[in-house]
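So you can see what is in the structure, the chains are spelled out below.
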Amino acid sequence: MLAALVCSFTLAAPAATATEKKAVSLSPHLTELVYAAGAGDHLLGVSAGSNYPPAVGALPQVGSGVAPNVERIALLQPDVILAWGYKNSKDLYPALRKLNIPMHYQAPASLDDIIDDIEELGTLFGTRATAGNTARELREILNAMRQRYQNAAKIKTFVLVSQEPLYTLGARSFVIDALHACGAESAFETLSTPAPIVSREQLLLAHPQAVLFAAKNISAQSDTIGRYFSSMGLPLQADQLLGMDPDIVFRPADRLIRKLPELCSDIDRIRRRLAPAASGSPLPPPRHLPSMSPRKDAAGA
């Protein structure tokens, strides 16, 4: 059956123009970026987990980037497949390559990459005007945050991906880039591995002043994380626990950039409390604030 589908697709009409081009998305973040580029009506199917904007609920799901549904994709006959990866990712998705459908890869590692990718999708689908407007709006937000907090005192922030084991994010991440835009820094700036595991001892030595975590129920998770850090001898105040929707903070899409002013404001609130003079206003060159010291009774934790 699959072989017949492949043959029928390869004998189809010539490639569509940009304004007619149809696609399937193999990543929730790509689904969001297509809509941000004004090309939502070009999607024939989306990846499992795609839940924003609400309109994607009406589209068929085509598996995931890890396990794409090749048969369903072949039946939809897209002009292009949008996938996570880099432009030279020629060895990914071998089963999909048998369909002879062009693959368009994107893997934004920074907030600027996210904006660039929106413009790239606008070119791909012939929606440059909408994509350009979105890109300008997002750049205004990003540049405003960077300018406002460029000289603010650094807040050392631990990005908590999971507790057991203690996963965090390496320096080359769009999430860490978001922290930098707010005048903060990662508690593990020197780690280049995409998702490194750190020990409790390393975390104690890092002395984070804030924790950024993802949760649907932020209030309940904040209490749990607060107790977890206290048990290690790192008591943090409620305002030092920064919770965000996982679909926003861990997806490289426009919603993360739109959320920046709120995140930066929360980080600046910590900054003002720990060192009132170190506001978000233009200041002398950045300096580091005192870290929260671990309790002596937790030295063996």
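Coordinates for the structure precede this section.
Structural notes, computed from the coordinates. (Residues numbered from 1 in each chain as written. Predicted model: local features only at pLDDT ≥ 70, side-chain atom pairs only at ≥ 80, totals over all residues. Heavy atoms only, no water.)

Here we come to the state of the cysteines. In this structure the tally under the stated criterion is one disulfide. Linked covalently through their sulfurs, C182 and C264 form a disulfide whose S-S length is 2.0 Å. Across the S-S bond of C182 and C264 the torsion is about -80°, and the bridge reads as left-handed. Taken as a pair, C182 in the loop between helix 7 (174-181) and strand 6 (184-186) and C264 in helix 12 (residues 260-274) lie far apart in primary sequence, 82 residues in all. C264 shares its class with C182; the two are buried. (Disulfide = S-S within 2.5 Å. Helix = DSSP H or I, 4+ residues; strand = E, 2+ residues; numbered from the N terminus. Buried < 20%, exposed > 50% of the residue type's maximum accessible area, 1.4 Å probe, protein only.)

The next thing to look at is the sheet that holds strand 8 (residues 241-244). Spatially, four strands are ordered 6-5-7-8 in an open sheet, and the strand pairing comes out parallel. For this open sheet the edge positions go to strand 6 and strand 8, each flanked by a neighbour on one side alone. Taken pair by pair, the neighbouring strands of this sheet meet at an average axis angle of 30°, ignoring direction. Two strands pair when backbone bridges link them, and strand 7 (residues 210-214) and strand 8 are joined in this way by four bridges, in the parallel orientation. Across the sheet, A214 pairs through a bridge with M244, a residue of strand 8. (Pairing = 2+ DSSP bridges. Axes fitted to C-alpha atoms, helices over the stretch in contact; angles between N-to-C directions.)

Neither face of strand 4 (residues 103-106) is exposed, since M103 and Y105 on one face and H104 and Q106 on the opposite face are all buried. Both strand 3 (residues 80-84) and strand 4 contribute to a ladder of four bridges, which runs parallel. Residue pairing for strand 4: A83 is matched across the bridge by Y105.

Time to look at helix 9 (residues 218-231). For helix 9, spanning 14 residues, the distance from its first C-alpha to its last is 20 Å, which sits close to the expected 20 Å at 1.5 Å a residue. Among the residues of helix 9, S222, I225, G226, Y228 and F229 are the ones counted as buried. Viewed along the axis of helix 9, the buried residues span an arc of 165°, placing them on a single side of the element. Turning to helix 9, the residues buried within the fold contact strand 5 (155-160), helix 8 (200-206), strand 7 and strand 8. Two residues or fewer past helix 9, G233 is found with a positive phi of approximately 90°. (Expected span 1.5 Å × (residues − 1). Arc of directions from axis to C-beta. Contact = heavy atoms within 4.5 Å.)

Moving on, we come to the pattern of salt bridges. Here the idea is simple: oppositely charged side chains can pair when their charged atoms come close. A full pass over the atoms with the stated rule returns 16 salt bridges. The salt bridge partner of E32 is R251, with a shortest N-O separation of 2.6 Å. Placement of the pair is E32 in helix 2 (residues 28-36) and R251 in the loop between helix 10 (246-249) and helix 11 (254-258), with a sequence separation of 219 residues. The exposure class of R251 is buried, given its relative accessible area of 9%. (Salt bridge = Lys/Arg side-chain N within 4 Å of Asp/Glu carboxyl O.)

It is worth spelling out the pairing of strand 3 at this point. Of all five residues in strand 3, four are buried; the element is thus mostly enclosed. The pairing of strand 1 (residues 23-25) with strand 3 spans three bridges and is parallel. Its bridge partner lying in strand 3, S25 is registered against L82.

Applying the stated criterion across every chain, the model contains four aromatic pairs. One aromatic cluster is present, formed by F158, F188, Y228 and F229 through successive ring pairs. Seen from the ring of Y228, R200 lies directly overhead, with NZ or CZ sitting 5.7 Å from the centre. Here R255 stacks its cationic end above the ring of Y52, 3.9 Å away from the centre of that ring. (Phe/Tyr/Trp six-rings, centres within 6.5 Å; stacked < 30°, edge-to-face > 60°. Lys NZ or Arg CZ within 6 Å of the ring centre and 35° of its normal.)

Attention shifts here to helix 6 (residues 128-149). Here helix 6 spans 31 Å end to end across 22 residues, near enough to the 32 Å set by a 1.5 Å rise per residue. Every buried residue of helix 6 is accounted for by A131, G132, T134, A135, L138, I141, L142, M145 and Y149. Residues of helix 6 that are buried in the fold lie against helix 2, helix 5 (111-125), helix 7, helix 11 and helix 12.

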